[in-house]
Amino acid sequence: MCLLRLPRITQPLEKEEEEVAALMEQIELEKSLYSDHEMRKLEEEEQLKRKMESLYDEDEARGKTVIMAQDLEEKWEQKFLQFKAAPRITGTSWSSCRRKAFLGLSFLF
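The following paragraphs examine the structure supplied in this document. (Residues numbered from 1 in each chain as written. Predicted model: local features only at pLDDT ≥ 70, side-chain atom pairs only at ≥ 80, totals over all residues. Heavy atoms only, no water.)

## Digging into the overall build of the protein chain
When you go through the protein chain residue by residue, the secondary structure sums to five helices and zero strands. Across the 109 residues that make up the protein chain, the buried fraction comes to 4%. Counting every atom, the protein chain has about 11400 Å² of accessible surface; 58% of that belongs to carbon and sulfur. (Helix = DSSP H or I, 4+ residues; strand = E, 2+ residues; numbered from the N terminus. Buried < 20%, exposed > 50% of the residue type's maximum accessible area, 1.4 Å probe, protein only. Areas by Shrake-Rupley, 256 points an atom, 1.4 Å probe, with all protein chains shown as cover.)

Put into structure tokens, the structure is as follows:
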């Protein structure tokens, strides 16, 4: 994908504006590199840190079913290990493929 941005004609940024722009660009870059699952893991790690430091609000988690990202990863791993792929070519599909291939051919003598 190619993105073309037209030039902007503005005043040069002041020192503070340049620092804020650089900081915002860094934050956007850091956040853009994480998927939703990775963001969830980071939030859970933060919650665990707060819980260990006893800054965790018990009312925040009360009444919620908690499914951790680690639990999801283990569930996905089990599904992957149980998955059995079907054969790519079966006896009937091979004969139908050959028949369809020959339909498009015309012999010239």
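## Focus on the side chain of Glu44
Mapped onto the fold, Glu44 is located in helix α2 (residues 36–52). The buried category is assigned to Glu44, whose relative accessible area is 11%. Setting aside residues no more than four positions away along its own chain, Glu44 makes contact with Ile67, Met68 and Ala69. (Contact = heavy atoms within 4.5 Å.)

## A closer look at the pattern of salt bridges
In the structure shown here, the tally under the stated rule is two salt bridges. A salt bridge links Glu44 to Arg40, with the nearest nitrogen and oxygen atoms 3.3 Å apart. Taken together, the positions of Glu44 and Arg40, both in helix α2 and four residues apart, correspond to about one turn of that helix. Classification of Arg40 by relative accessible area gives partly exposed; the value is 32%. (Salt bridge = Lys/Arg side-chain N within 4 Å of Asp/Glu carboxyl O.)

## Side note on a negative patch on the surface
Taken together, the side chains of Glu14, Glu16, Glu17, Glu18 and Glu19 present a region of like negative charge at the surface. Within the fold, Glu16 resides in helix α1 (residues 15–32). (Patch = residues over 30% accessible without salt bridge, like charges linked within 9 Å, V, L, I, M, F, W, Y side chains within 5 Å. Lys, Arg positive; Asp, Glu negative; His and termini not counted. Charge placed at Lys NZ, Arg CZ, Asp CG, Glu CD.)

## Overview of a nonpolar patch on the surface
Together, Val20, Leu23, Met24 and Ile27 give the surface a local cluster of nonpolar side chains, amounting to about 350 Å² of exposed area. Checked against the element boundaries, Leu23 lands in helix α1.

## Here's the deal with the environment of Glu73
Within the element layout of this structure, Glu73 appears in helix α4 (residues 69–82). Overall, Glu73 belongs to the partly exposed group, its relative accessible area being 26%. Between the C-alpha atoms of Glu73 and His37, which are 36 residues apart in sequence, the distance is 9.6 Å. When residues no more than four places from it in sequence are discounted, the contact partners of Glu73 are His37 and Lys41.

## Some remarks on the packing of α2 against α4
Between α2 and α4, the least distance of the axes is 9 Å, while the angle of their chain directions is 135°. By the angle between their directions, the pair α2 and α4 is classed as oblique. Of the residues in α4, those in contact with His37, Arg40, Lys41 and Glu44 of α2 are Ala69, Leu72, Glu73 and Trp76. Here the residues of the contact of α2 with α4 are counted per class, giving three nonpolar, one polar and four charged. (Axes fitted to C-alpha atoms, helices over the stretch in contact; angles between N-to-C directions. Parallel < 35°, antiparallel > 145°, perpendicular 65-115°, else oblique. Nonpolar A, V, L, I, M, F, W, Y, C, P; charged D, E, K, R; others polar.)

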